[in-house]
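Each chain, letter by letter, is given below.
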Amino acid sequence: MAQFGIIDMYRLRSELDRLKIEREKLLRLACAALVLVNELDSDTYESYEAAELVADCLNRLPDPVMTEVLSYSGS
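For clarity, every value in this text was computed on a predicted model and none was experimentally measured.

Calculation criteria
Residues numbered from 1 in each chain as written. Predicted model: local features only at pLDDT ≥ 70, side-chain atom pairs only at ≥ 80, totals over all residues. Heavy atoms only, no water. Helix = DSSP H or I, 4+ residues; strand = E, 2+ residues; numbered from the N terminus. Patch = residues over 30% accessible without salt bridge, like charges linked within 9 Å, V, L, I, M, F, W, Y side chains within 5 Å. Areas by Shrake-Rupley, 256 points an atom, 1.4 Å probe, with all protein chains shown as cover. Salt bridge = Lys/Arg side-chain N within 4 Å of Asp/Glu carboxyl O. Buried < 20%, exposed > 50% of the residue type's maximum accessible area, 1.4 Å probe, protein only. Core = buried A, V, L, I, M, F, W, Y, C linked by side-chain atoms within 4.5 Å. Contact = heavy atoms within 4.5 Å.

Undergrad: Would you mind showing me how to read the environment of Cys-31 here?
TA: By the secondary structure assignment, Cys-31 is in helix α1 (residues 6-39). C-alpha of Cys-31 to C-alpha of Val-54: the two residues are 23 residues apart in sequence and 8.6 Å apart in space.

Below you can see the structure in the form of structure tokens.
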């Protein structure tokens, strides 16, 4: 059975924390996109606010995630 040292446990815990933060940001982005799609057919001002929310969420994504998102949008 493999033994984990203190450093390995610290790295795993650190990676888990990073993934939790990334997950939270992606969930916020998905919710903002849902609001935007929902508001597109209604009031223009509300659609503008929803689009700003999506843009703000996108700007807060970590660089590696944003790079991956941009690579998908080009294909």
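Following the structure, the description resumes.
Undergrad: Could you clarify how one ought to interpret a nonpolar patch on the surface in this entry?
TA: A contiguous nonpolar surface patch, about 320 Å² in accessible area, is contributed by Phe-4, Met-9 and Leu-12. Summarising the element assignment, Met-9 is placed in helix α1.

Undergrad: Would you explain the pattern of salt bridges in this entry?
TA: Pairing between side chains of opposite charge can happen when their charged atoms approach one another. Applying the stated criterion across every chain, the model contains 4 salt bridges. We note a salt bridge from Glu-15 to Arg-18, for which the minimum N-O separation is 2.6 Å. Of this pair, Glu-15 and Arg-18 both sit in helix α1, 3 residues apart, which is roughly one turn of the helix. Residue Glu-15 is classed as partly exposed on the basis of its relative accessible area, which comes to 36%. Across the pair Arg-28 and Glu-24 runs a salt bridge, and its minimum N-O distance is 3.3 Å. Taken together, the residues Arg-28 and Glu-24, both in helix α1 and 4 residues apart, mark about one turn of the helix. Accessibility expressed as a relative area gives 38% for Glu-24, which makes it partly exposed.

Undergrad: Would you take a moment to explain the nonpolar core for this structure?
TA: The nonpolar side chains of soluble globular proteins are, as a tendency, buried together. Counting 8 residues, the largest nonpolar core consists of Leu-29, Ala-32, Leu-36, Ala-50, Val-54, Cys-57, Leu-61 and Val-65. For this core, the elements supplying multiple residues, two or more each, are α1 and α2 (44-59).

Undergrad: Could you clarify how one ought to interpret the side chain of Glu-22 in this entry?
TA: Within the secondary structure, Glu-22 is located in helix α1. Other than its neighbours up to four places away in sequence, Glu-22 contacts Pro-62 and Val-65.

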